[in-house]
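# A closer look at the structure
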Amino acid sequence: MAADKAADQGTEKHEGAGASGITDQEKELSSSALQAFQAGNYDACLQHLNTLQDINKDDYKITLNTAVAEFCKSNQTTTDNLRQTLNQLKNQVHSVVEEMDGLDDVENSMLYYNQAVILYHLRQYTEAISVGEKLYQFIEPFEEKFAQAVCFLLVDLYLLTYQAEKALHLLAVLEKMISQGNNNSKNGKNESGNNTNKDSSNQKAESGALIEVAKSKIHQYKVRAYIQMKSLKACKREIKSVMNTAGNSAPSLFLKSNFEYLRGNYRKAVKLLNSANIAEHPGFMKTGECLRCMFWNNLGCIHFAMGKHNLGIFYFKKALQENDNACAQLGTGSSDPGKKFSGRPMCTLLTNKRYELLYNCGIQLLHIGRPLAAFECLIEAVQVYHSNPRLWLRIAECCIAANKGTSEQETKGLPSKKGIVQSIVGQGYHRKIVLASQSIQNVVYNDGQSSAIPVASMEFAAICLRNALLLLPEDQQEPKQENGSKTNNQLGGNTENSESSEACRCSILACSAYVALALGDNLMALNHADKLLQQPKLSGSLKFLGHLYAAEALISLDRISDAITHLNPENVTDVSLGISSNDQDQGSDKGENEAMESSGKQTPQCYPSSVTSARTMMLFNLGSAYCLRSEYDKARKCLHQAASLIHPKEIPPEAILLAVYLELQNGNTQLALQIIKRNQLLPSVKTLSDMRKKPVFQPVHSIQPIQMPAFTTVQRK
């Protein structure tokens, strides 16, 4: 645990203070204080330190060690006091981390390290990394144990901020450091000749055990890094090492389950989770990790990947209950604003995973078709993870799904005649057919309230999408180092590398164009659609929607010639989702799933199921555009061509109404009536496609990219 590291290193610094110029009495007190601390006798340690303080009142390192000893004496529950003391000492020595550039500052390294550990537990990862990286620059003069502690802390921070490459580099340094230390200790023992005794053999056994623990830890960290990088081959090698060194412990089984989840072996992943002996885990009061909460969360993720969304939400709710129970046991902490982190062990400051779990619940509910419930979950999560562009995109998708209604509401019984004919009035010669209006333009979504109020409205969706675009990195060719640092406050898995940020940008632009059209803002819709079509890595389905949205905006702006260019059926050559990197988010210390698309998950129904149906839709819209330009022959030709591509029962009612309008313009009243009665576009023509079974045609809506919740692994510090 990092808190233990802080405590150990704090007293070691005191021992290191025994430089030339101090008395034998001070050396003896220093040594006694260290021995008492390591034995867990904090009262005796504090007595020695107080005596030492009386002798040497100017040495701030004694104050530092006293603060660390008092912190450990309180079972690590006085985090605020330790934090306050460290800040005072930092001011006392007039030391700023940014100005740390010489060996004089290395003397203050223990102060910086303890401060980094506290920042880590307060989830202030960016600041903790800046302190840790400064320490790492001066790692040479540090003694081996302290150097390893700095490296392990930095590795943890890099993994939490999804900078796996940096973590792997540090792990290689750690491996080299440990192997060199092991060789040095062996050489030292050889030089001592036959002067070995029980003490030296005990020390040898103890150091050997510590080296094995460190090696096992390194293997576990490597697995977590490779999982983040989706490097399955390298991960498989490290998993074997983890199972050999850590056995069937909960962390190793959780990591292996995560690995199988990544490969798409969901049944095996569940089996591994079930085989983990949770009862043997020390508990969150000692490790800061609620294993039961992680267990249910991981089950929810696996069932999500299997397409069993209702089971997934059931498991996520169980995880939330376990998380709430753990937080209830920890209590609310002190009511004093200056002591809000005190009253419980420091490691438990990382226990609460409520917002990550709410995010998972929100994504699951969005897939189930409950956008309003999903909106409530995600809007709570965004209060903490407000710098995550994908989270804002998901909230916008909730708003879109809540306002567009179901396909039944939109199409209103389209396959039947009742969907087109609203009523029949009069009798005999005066009998009239009243056609239903299909216009849904310029819908007012709010009732005069501010658009910024978080409700599931299209206006709020527009704000969310603007936030998402602003939070994405501007330059897509930025180095990976920058990408990592930009996302360190985000839910896990949101590494905005170039590929994932491009995919995210395309989804945001598609949704932005849809929302702008719904709000009647045609210029903005056209702007978003044009930007979407200019993206270098654009999936076929998004390209199709981009052309449709641009055409609709241009028609509303009375630029029909430009719209016709977009509605060329040849523009559609592919309608696959075709996003190489998964749209994934989710909570810290979690890995992701790459093989999820092959798990039997179905493509959203609102997509055209094939290039043929997509081109058919283009032709229907092209016919409407020609009709607006009074080019009725061209419009009729487009309708006939589209009708020949699909089954008559799959023709949308808008196309039938367009055919009726064209026949009325042509003076063919009887043919128009026949089209209405038969509910067919070409009542007198049989097409070859009648004999072919085609997928059901659905109207197009905005893309709602599939979002994967993430997978929790056990971390042991």
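Residues numbered from 1 in each chain as written. Predicted model: local features only at pLDDT ≥ 70, side-chain atom pairs only at ≥ 80, totals over all residues. Heavy atoms only, no water.

Bringing the overall build of the protein into the picture now. A count of helices and strands for the protein gives 31 helices and four strands. Considering the protein as a whole, with its 717 residues, one finds that 52% of them fall into the buried category. If you take every contact in the protein between residues at least 6 apart in sequence, the share linking residues at least 24 apart comes to 73%. Of the accessible surface of the protein, which amounts to about 33,400 Å², a share of 49% is contributed by carbon and sulfur atoms. (Helix = DSSP H or I, 4+ residues; strand = E, 2+ residues; numbered from the N terminus. Buried < 20%, exposed > 50% of the residue type's maximum accessible area, 1.4 Å probe, protein only. Contact = heavy atoms within 4.5 Å. Areas by Shrake-Rupley, 256 points an atom, 1.4 Å probe, with all protein chains shown as cover.)

Using the criterion set out here, one finds 11 aromatic pairs in the structure. A centroid spacing of 5.4 Å and a plane angle of 80 degrees characterise the contact between Y113 and F146, whose relative ring orientation is edge-to-face. Taken together, the residues Y113 in helix α7 (residues 109-121) and F146 in helix α9 (residues 144-160) connect sequence positions 33 residues apart. Ring centres 5.9 Å apart and planes at 75 degrees place the aromatic pair F375 and F460 in the edge-to-face group. Remark: F460 occurs in helix α22 (residues 458-471) and F375 occurs in helix α19 (residues 371-381); sequence separation between them is 85 residues. (Phe/Tyr/Trp six-rings, centres within 6.5 Å; stacked < 30°, edge-to-face > 60°.)

Now for the pairing of strand β1 (residues 421-425). Here β1 runs beside strand β2 (residues 432-435); their pairing, made up of four bridges, is antiparallel. Bridging from a neighbouring strand, V425 pairs with K432 of β2. The antiparallel pairing of β1 with β2 creates a hairpin that spans six residues between the two strands, and G426 there sits at a positive phi of about 80 degrees. (Pairing = 2+ DSSP bridges.)

Turning our eyes to something else, we now look at the pattern of salt bridges. For the coordinates displayed, the defined rule picks out 16 salt bridges. Close ionic contact of R123 with E356 constitutes a salt bridge, the shortest N to O distance being 3.9 Å. Of this pair, R123 sits in the loop between α7 and α8 (125-137) while E356 sits in helix α18 (residues 354-368), and the two are 233 residues apart along the sequence. When its relative accessible area of 28% is taken as the criterion, R123 is described as partly exposed. Under the relative-accessibility criterion, E356 is labelled buried at 1%. Note that D633 and R636 form a salt bridge whose closest N and O atoms lie 3.3 Å from each other. Taken as a pair, D633 and R636 lie in helix α29 (residues 632-643) at a separation of three residues, close to a single helical turn. Judged by relative accessible area, D633 falls into the exposed class, the value being 60%. Beyond isolated ion pairs, a larger network of salt bridges with shared partners links E175, K222 and E238. (Salt bridge = Lys/Arg side-chain N within 4 Å of Asp/Glu carboxyl O.)

Mapped onto the elements, N87 comes out in helix α5 (residues 79-92). Between the C-alpha atom of N87 and that of L111, which follows or precedes it by 24 residues, the distance is 9.2 Å.

On to the packing of helix α4 (residues 60-73) against α5, then. At a minimum axis distance of 9 Å, the contact between α4 and α5 shows a crossing angle of 170 degrees. When the interaxial angle is binned, α4 and α5 end up roughly antiparallel. Taking contact as the criterion, the partners of Y60, T63, L64, A67, V68 and F71 in α4 are, on α5, T79, L82, T85, L86, L89 and Q92. Of the residues that constitute the contact of α4 with α5, the class distribution is eight nonpolar, four polar and no charged. (Axes fitted to C-alpha atoms, helices over the stretch in contact; angles between N-to-C directions. Parallel < 35°, antiparallel > 145°, perpendicular 65-115°, else oblique. Nonpolar A, V, L, I, M, F, W, Y, C, P; charged D, E, K, R; others polar.)

One way to put it is that α7 packs onto α9 with a least axis distance of 11 Å and a crossing angle of 30 degrees. Viewed along their axes, α7 and α9 adopt a mutual orientation that is roughly parallel. Considering the relative orientation of α7 and α9, their crossing is left-handed. Between α7 and α9, the residues in contact are S109, M110, Y113, A116, V117 and Y120 and F146, A149, V150, L153, D156, L157 and L160, respectively. Its residues assigned to classes, the contact of α7 with α9 shows 11 nonpolar, one polar and one charged. (Left-handed = near helix turned anticlockwise from the far one by under 90°.)

Taking 1.5 Å per residue as the helical rise, helix α25 (residues 522-533) with its 12 residues ought to reach 16 Å, and the 16 Å between its terminal C-alpha atoms agrees with that figure. Along α25, the residues classified as buried are N522, A525, L526, H528, A529 and L532. Along the long axis of α25, the arc covered by the buried residues comes to 165 degrees, so they all point the same way. (Expected span 1.5 Å × (residues − 1). Arc of directions from axis to C-beta.)

Position of K230 relative to the elements: it lies in the loop between α11 (198-229) and α12 (232-246). Separated by 32 residues in sequence, K230 and L262 have C-alpha atoms that sit 7.8 Å apart.

Trans is the prevailing form of peptide bonds, just as negative phi is the prevailing case for residues other than glycine. Phi is positive for D558, close to 65 degrees, though the residue is something other than glycine. Among the secondary structure elements, D558 is positioned in the loop between α26 (540-556) and α27 (560-566). The exposed category is assigned to D558, whose relative accessible area is 62%.

Attention shifts here to α7. Working note: α-helix, 3.6 residues per turn, so residues spaced by three or four point in the same direction. Compared with an ideal rise of 1.5 Å per residue, which puts 13 residues at 18 Å, α7 spans 19 Å between its outermost C-alpha atoms and is within 8% of the ideal. Among the 13 residues of α7, 13 are classified as buried, and the element is accordingly described as predominantly covered. Two residues or fewer after α7 comes R123, characterised by a positive phi angle close to 65 degrees.

So, on to the environment of I463. For I463, the location among the structural elements is in helix α22. Remark: the alpha-carbon pair of I463 and W392, spanning 71 residues in sequence, is separated by 8.9 Å. Setting aside its immediate chain neighbours within four residues, I463 contacts S451 and A452.

A word on the confidence of the model for the protein. Across the protein, the average pLDDT comes to 76, with 74% of residues at or above 70. Confidence drops under pLDDT 50 across residues 189-196; counting only partners more than four residues distant or on other chains, this segment forms one contact. Here residues 476-490 scores under 50 on pLDDT; set against residues more than four positions off or in separate chains, the count is 34 contacts. (pLDDT = per-residue confidence, 0-100.)

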